[in-house]
Amino acid sequence: MKDKLFKWLDKWKLAFSGAVLAFSYRKFRIAFILVFVVFGTFMNLLTGGFAAFNLISVVSFPDKLKIIFDAFLGLFGVHKSFLDWALLFLIAVLQAVLIGLVAFIWKRRKDDLKAARASSSGAQSAGIVAGLAVLGAGCPTCGTTLIAPIIGTIFSSGGYAIAGFISGFITVLAIIVSLFALKKIGLEAYVIIKKEKFSAKKGVQNAR
């Protein structure tokens, strides 16, 4: 039992190491920044249900930009309570890391398929699809902020307390699912990065 626990914790450590190591790759950083900004801003816009989107559709272009920019600033805690900001920031970071890792792995697997075209290509593709499926399962957060307005409308003002609880539960669940997705994809990224570094080191030694 103790050995299983250490093995499980070691996998988490390697998965997070894979995510950290991936930051040294420019394409991963680009994907991370883009997803973090776009997804985080979108989540901020959803904090009031569809109100922000309805407002964007009727105001002038400069005002549209201001609303979007204010939502972007919300990513860094501007006009946000600490708890609301912390949850949103954590979810945005997790989504950005996951999508960045999927893009990183897909590119590496794609290169391997072009180079090798071996029988293992099916398994490699299946691994990518599985990673994407897990990543998709980690996105119930997209609808989390819409629950309170909808339930509040159906059950009157008293429904907001229930909606808040459900919304909070789904947010926590989304974070848990995202973390387990990170464990799966991070491990694969770690193996790929270490394999590339070993191959590069071996190539240098052989050149000598």
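Quick notes on the rules
Residues numbered from 1 in each chain as written. Predicted model: local features only at pLDDT ≥ 70, side-chain atom pairs only at ≥ 80, totals over all residues. Heavy atoms only, no water. Helix = DSSP H or I, 4+ residues; strand = E, 2+ residues; numbered from the N terminus. Buried < 20%, exposed > 50% of the residue type's maximum accessible area, 1.4 Å probe, protein only. Polar contact = N/O pair within 3.5 Å; in protein donor to acceptor, adjacent residues only side chain to side chain. Contact = heavy atoms within 4.5 Å. Salt bridge = Lys/Arg side-chain N within 4 Å of Asp/Glu carboxyl O. Core = buried A, V, L, I, M, F, W, Y, C linked by side-chain atoms within 4.5 Å.

Caption draft 1: Up close: the side chain of asparagine 44. Here asparagine 44 shows up in helix α2 (residues 26-45). Overall, asparagine 44 belongs to the buried group, its relative accessible area being 6%. There is a polar contact of 2.9 Å between the side chain of asparagine 44 and the side chain of lysine 80. Residues in contact with asparagine 44, not counting those within four places in the same chain, are Ala71, Gly74, Leu75, Lys80 and Leu88.

Caption draft 2: Up close: the pattern of salt bridges. Enumeration according to the criterion identifies one salt bridge in this entry. Ionic pairing is found between aspartate 70 and lysine 66, a salt bridge with its closest N-O pair at 3.0 Å. Of the two residues, aspartate 70 and lysine 66 are both situated in helix α4 (residues 61-74); the distance of four residues between them amounts to about one turn of the helix.

Caption draft 3: Representation of the nonpolar core in the model. Leu101, Phe104 and Leu182 are the most contacted members of the largest nonpolar core, which totals 28 residues. Within the residue set of this core, elements represented by two or more residues are α1 (2-22), α2, α5 (82-116) and α9 (159-207). Broken down by element, the residue count for this core peaks at 11 residues, all from α5. Here phenylalanine 104 is in contact with Tyr25, Ala189, Ile192 and Ile193, once residues within four sequence places are set aside. Residues Leu45, Ile56, Ile67 and Ala71 belong to the second largest nonpolar core, which totals five residues.

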